[in-house]
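One-letter residues, chain by chain:
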Amino acid sequence: MTSGVVTLSGDSIVYMTLRDAQQLQFDLAPSATRREAARGAQRTQTDLVNAVVARLSPDVPPDEVAEIMRRWKHLAVLTDGEQQLLLTRTVIERASRQLGLFMGILTVVSAVIIALIVYTLTMDKIREIATLKLIGAPDKVIVGLILQQALMMGVFSFWIGATLVYFFKGWLPLAIVMVPSDIASLFGVVIAVCLLASTLGVRAALRVDPGRALVG
Amino acid sequence: MAANTPSQPLVEVKGLSKHFGEGESRVDALRKVTISVGAGEVVGLLGPSGSGKSTLLNAIGSIIEPNEGWMRLDGEVVYDNRWLRRDLRRMRLEKIGFIFQTHNLLPFLDATDNVAVVFHLAGVAREEAVERSEQLLDYLQVGHRKHAMPSQLSGGEAQRVAIARALANRPRIILADEPTAALDSTRAGIVMDLLRKLAVEQRAAVIAVTHDDKIFNRFDRIFHLRDGRLDDEGDQL
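Residues numbered from 1 in each chain as written. Chains lettered and ligands numbered in written order. Predicted model: local features only at pLDDT ≥ 70, side-chain atom pairs only at ≥ 80, totals over all residues.

(A) Representation of the confidence of the model for chain B in the model. Residue and element names in this part refer to chain B. Per-residue pLDDT for chain B averages 87, and the proportion of residues at 70 or more is 95%. Counting contacts from residues 1-6, a segment whose pLDDT is below 50, to residues more than four positions away or on other chains yields nine contacts. Both confidence scores are given for the complex: pTM 0.71, ipTM 0.79. (pLDDT = per-residue confidence, 0-100. Contact = placed C-beta atoms within 7 Å.)

This is how it looks when you write it as structure tokens:
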């Protein structure tokens, strides 16, 4: 049941008995406490219960039970929903904001790199573009060629990236779950970035003078 | 497309002028140039560098816009002090075939596809485009190289593929910019014979800019340009 379970941030989890956990927490650390114990100071009571998980019968409303228990002294009560909300607001939301920031920066950097590549490839083909214009190719054909190039680059890169992650995810220090909907969204983002990045090349291509094909 | 009557020239240019820049930097590339070329004619445009040959070719090819004048191509008035057609590229596709000094074949397509690209642009289905391209390559005696990439073709073969591309849409006007410059005299003669054959068989007008004195005798008429002006009405050869 505990196999492969990780924390919200992807770190591994070790399951142990309460006694072992208390021993780790109170006997082995912190060092100041151990020094105090060595001096003969009275040890802190360790046979504490940290949390109790209660499973309710299906017909019992959890909010009502929690309300009753909150009236008891020195206890805090969290329902499943409240726990989820707490975790979402503290751990997941903060982590996703940080990851979102990195992803945003990486997306912008990728877009700039793709834009430069598409622009360079377009400038390399100025003569061919001029020839196509000269023999009567409409703008939509020229634009189509550049978009095709950018999209091929995006699809190929996505395929390589997704394949590498799929085969090497077990080697990474953090656990990675590849959810189909996330992969589809990422593919959409890649396509959008490629289309956006190709605008620089498209603009350059549309400005090409067909007369350049005649220059020897 | 307007119909062309037998008596009407395929290319008619009257009082065509073109200048670049304004004020002190103004350069008059063409000054009131008037020429006409009929079906089946092969004419040459000669002149020193900067005389306006290429500008005239570009203007007839609707690549640059003249400043004033009048121009009729294949029976349709396309310029009368302004372009009368908005879709100039479509007009080029329908009426004009271009042959370049360097063949300008698309390096990422084989010989067949370099020709077929014109059929695609004209809306011909892929299968038919390939079939017609191969027929054209056979006609120009380069069919045995139909699957070769441009880098694998010799200069003469590449130029013949380029001519096949120029002919793909059966244009009535063929504009050639130094078509033999990159060829030796034997191959230059072959290309000029080919242009002559096309002009006669397809009733097309061929206008070629050239410096190549070994092909001067292949033209029906030669127009001499100097400082943007025509020296004469076209020497009859």
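Having seen the structure, we can now continue with the description.
(B) View of the interface of chain B and chain A. Counting from both sides, the interface comprises 18 residues of chain B and, opposite them, 15 residues of chain A. Of all the secondary structure elements, the ones that give two or more residues to the side of chain B that touches chain A are α1 (53-60), α2 (88-95) and α3 (111-121) of chain B. Looking at which element gives the most residues to the side of chain B that touches chain A, the answer is α2(B), with four residues. A breakdown of the residues in the side of chain B that touches chain A according to their chemical character gives eight nonpolar, five polar and five charged. (Helix = DSSP H or I, 4+ residues; strand = E, 2+ residues; numbered from the N terminus. Nonpolar A, V, L, I, M, F, W, Y, C, P; charged D, E, K, R; others polar.)

(C) Structural detail: the sheet that holds strand β2 (residues 27-37) of chain B. Residue and element names in this part refer to chain B. Read across the open sheet, the four strands follow the order β2-β1-β4-β5; overall the sheet is antiparallel. Every other strand in the sheet has two partners, leaving β2 and β5 (76-80) as the edge strands with one partner each. Strand-to-strand, the axes of this sheet are offset by a mean angle of 20°, without reference to chain direction. Two strands pair when backbone bridges link them, and strand β1 (residues 11-20) and β2 are joined in this way by seven bridges, in the antiparallel orientation. Bridging across to β2, His19 finds its partner in Asp28. (Pairing = 2+ DSSP bridges. Axes fitted to C-alpha atoms, helices over the stretch in contact; angles between N-to-C directions.)

(D) Fine view of unusual backbone geometry. All names here are of chain B. Although it is not a glycine, Arg170 adopts a positive phi angle of roughly 50°. Its location among the elements puts Arg170 in the loop between α5 (155-167) and β7 (173-177). The exposure class assigned to Arg170 is exposed, which follows from the 12 C-beta atoms found within 10 Å. For Asp227, which is not glycine, the phi dihedral falls at a positive 50°. Looking at the element boundaries, Asp227 is found in the loop between β9 (221-226) and β10 (229-230). (Buried ≥ 20, exposed ≤ 12 C-beta atoms within 10 Å, placed from the backbone.)

(E) Structural view of the pairing of strand β8 (residues 205-209) of chain B. All names here are of chain B. When you tally the buried positions in β8, you get five out of five residues, the bulk of the element. Strand direction decides the pairing type here: strand β3 (residues 42-46) and β8, joined by four bridges, are parallel. Note that in β8 the partner of Leu45 across the bridge is Val209. Here five bridges tie β7 to β8, and the two strands are oriented parallel to one another. Across the sheet, the residue bridging to Ile174 is Val206, located in β8.

(F) Spatial organisation of the packing of helix α6 (residues 139-168) of chain A against helix α7 (residues 180-197) of chain A. All names here are of chain A. One can describe the packing of α6 onto α7 by two numbers: an axis separation of 9 Å at closest approach and a directional angle of 145°. Crossing of α6 against α7: the hand is right-handed. Residues Leu147, Ala150, Leu151, Met153, Gly154, Phe158 and Ala162 of α6 form the contact with α7, whose own contacting residues are Ile183, Phe187, Val190, Ile191, Cys194, Leu195 and Ala197. (Left-handed = near helix turned anticlockwise from the far one by under 90°.)

(G) Structural detail: the pairing of β5(B). Two elements, strand β4 (residues 68-73) of chain B and β5(B), share four bridges in a ladder whose sense is antiparallel. Paired with Arg72(B) across the strands is Val77(B), a residue of β5(B).

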